[in-house]
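Below are the chains, spelled out letter by letter.
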Amino acid sequence: MMGGRPLLLLLVSALLVQIRASDPLLYESFDEDFEGRWVVSKKDEYQGVWKRAKSDGHEDYGLLVSEKARKYAIIKELDEPVTLKDGTVVLQFEVRLQNGLECGGAYIKYIRPQEAGWDAKEFDNETPYTIMFGPDKCGSTNKVHFILKHKNPKTGKYVEHHLKFPPSVPYDKLSHVYTAILKPDNEVRILIDGEEKKKANFLSADDFEPALIPPKTIPDPDDKKPEDWDERAKIPDPNAVKPDDWDEDAPMEIEDVEATKPEGWLDDEPEEIDDPEASKPEDWDDEEDGEWEAPKIDNPKCEEAPGCGEWKRPMKQNPAYKGKWHAPLIDNPNYKGIWKPQEIPNPEYFELDKPDFDPIAAIGIEIWTMQDGILFDNILIADDEKVATSILEKTWKPKYEVEKEKEKAEEAAAAADGLSEFQVFDILYKIADVPFLAPYKTKIIDVIEKGEKQPNITIGILVSVVVVFATVLFRILFGGKKPAAPVKPAVEAKKPKAAETEGAGSSGDKVEKEEDEKEETAAPRRRSRRET
């Protein structure tokens, strides 16, 4: 019986170790109010208000960035520092960019132990950290940061080491989980939504910039290039002489004297003429509006002719052109190569088997952002990947699936609306191109273009075009005179000023309306879709 007691104690001890290993070192779900557990910075520049709020469409709470264009800072001190030197450590948190992220950060800083007397209310951008991890996007910056601050044992200075080629930030407004797994073999893995996006080695110069281990040698800062050092590989031949027949003034192009004017060229016809169908608006005031000029149109006589106006011979490449003369290049007999300072031993070099991480004593969010609606949730530090995966599956995944289905439905509805409007006008333009409607094409295009500018009358436009189509089709099928081409409508004149003032629109609307009408009357008529 006595012999079984040590075995029982061993089993109980193993069970306790297993239970302990399954517990997170830190877990913040914001199911309860954060006040009293988190400390908001009292520094003057941090005016952003933190709120505990529900994620849009869910009953789950998170820590909300509630205002635009503000700086935010909040920190939570851990009961015990988390060491990163032994075993696996998982850093994980959830972020939802409910209003997107055009410019700002949504990352977390894992704060190292501070000096004695430090107050959490003083948390700011200068507060030293061990790791900074999470999304950051603004301008050309679009990355999931992973930055390690590591102490150089030779100098005692902390150096900021950035992960090279980090993954980009998801562009949508859904909930996403960011995970960094630090392994004892110097490996770090970055996951988004449980999917690995990046794997790196802390000691590899290919993975971090600058490298954690400095180079053994560096260029001597005191070494200077000699004054007589010649880095020119090629030089102009000093013995070369410009040939006597080299004409530097010869033009690149000359007139083609062999060219002849094409037969049928209309010398006396201009390329553009006044639109004969345009007329001066009745309310045109020469004193206020200036002298009225008819808009220009392409001269129809020039369409069938090879050309109009004064004919000029075309230009051709000048066979005598040689350009500016330069002496040919030859190998430089004094060339010594590109100068570089000599290498000397790097006084900051050290060898390292694994990073000398500082512990994590607190977690803080210190960001500047132009967006509100950023929601942090389910912040986790664990020493077991399974714990992180389990929390991801239980807390994030159900929400994400709901959000994804809602997004798909909204995109489908938006696509249907956009496609519907596009299809209407696309169909109308195809109707206008039907051959037997050619005499009516100009009028139909006029109506369609008006509908594109005024979507509220689209249905009326559609009915009008269909009526025209049906009428012409009826005449063709059941007889009747062939429809004559209608007279091209004159440019629409401005409405009388008295009529313009009858509406209830603002003065700005009136001015814009008058400008539009002037433009329709006076602007030159150009080719549009109706003429293609």
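No experiment lies behind these values; they were computed from the predicted model shown.

Participant: Explanation requested: the overall build of the protein in the structure shown.
Facilitator: Each helix and strand in the protein was counted, giving eight helices and 25 strands. Per-residue burial over the protein gives 35% buried out of 532 residues. Sequence-distant contacts in the protein: of pairs separated by 6 or more residues, those separated by 24 or more amount to 75%. About 33100 Å² of surface is accessible on the protein, with carbon and sulfur atoms providing 52% of the total.

Participant: Looking at this structure, how should I read the state of the cysteines?
Facilitator: Working definition of a disulfide: a covalent bond connecting the sulfur atoms of two cysteines. By the definition in use, this model includes two disulfides. Here Cys103 pairs with Cys138 through a disulfide, and the sulfurs are 1.8 Å apart. Here the disulfide of Cys103 and Cys138 is left-handed, its torsion about the S-S bond being about -75°. Separated by 35 residues along the polypeptide, Cys103 in strand E7 (residues 103–105) and Cys138 in strand E9 (residues 129–138) bring together distant segments of the chain. A relative accessible area of 14% means that Cys103 is categorised as buried. Under the relative-accessibility criterion, Cys138 is labelled partly exposed at 32%. Disulfide pairing places Cys302 opposite Cys308 at an S-S distance of 1.9 Å. Handedness here is read from the sign of the S-S torsion; for Cys302 and Cys308, about -120°, the answer is left-handed. Overall, Cys302 belongs to the buried group, its relative accessible area being 17%. Residue Cys308 is classed as buried on the basis of its relative accessible area, which comes to 6%. When the cysteines engaged in disulfides are numbered in sequence order, the protein pairs them as 1-2, 3-4.

Participant: Would you explain the packing of aromatic side chains in this entry?
Facilitator: The geometry of an aromatic ring pair comes down to the distance between the two centres and the angle between the two planes. Under the criterion given, the structure shown has 12 aromatic pairs. Taking the centre distance of 6.1 Å and the plane angle of 65° together, the rings of Phe133 and Phe146 count as edge-to-face. Of this pair, Phe133 sits in strand E9 while Phe146 sits in strand E10 (residues 141–151), placing them 13 residues apart in sequence. For Phe133, a relative accessible area of 0% gives the class buried. Judged by its relative accessible area of 1%, Phe146 is buried. Members of the aromatic cluster, each reached through a chain of ring pairs, are Trp50, Tyr72, Phe93, Phe133, Phe146, Tyr178, Phe202, Phe208, Phe357 and Phe376. The ring of Tyr61 is capped by Arg52, whose NZ or CZ atom sits 3.7 Å from the centre of that ring. Arg112 extends its terminal NZ or CZ atom over the ring of Tyr158, reaching a point 3.6 Å from the ring centre.

Participant: Whenever I open this one, the pairing of strand E6 (residues 89–97) confuses me. Can you help?
Facilitator: In regular strands, side chains alternate between the two faces of the sheet. Burial within E6 is extensive, with nine of its nine residues counted as buried. When E6 meets strand E25 (residues 374–382), the two strands line up antiparallel, connected through seven bridges. Residue Glu94 lies in a different strand from E25, and its bridge partner there is Asp377.

The rules we used
- Residues numbered from 1 in each chain as written.
- Predicted model: local features only at pLDDT ≥ 70, side-chain atom pairs only at ≥ 80, totals over all residues.
- Heavy atoms only, no water.
- Helix = DSSP H or I, 4+ residues; strand = E, 2+ residues; numbered from the N terminus.
- Buried < 20%, exposed > 50% of the residue type's maximum accessible area, 1.4 Å probe, protein only.
- Contact = heavy atoms within 4.5 Å.
- Areas by Shrake-Rupley, 256 points an atom, 1.4 Å probe, with all protein chains shown as cover.
- Disulfide = S-S within 2.5 Å.
- Phe/Tyr/Trp six-rings, centres within 6.5 Å; stacked < 30°, edge-to-face > 60°.
- Lys NZ or Arg CZ within 6 Å of the ring centre and 35° of its normal.
- Pairing = 2+ DSSP bridges.

Geometric descriptors of this kind do not, in isolation, establish any biological role.
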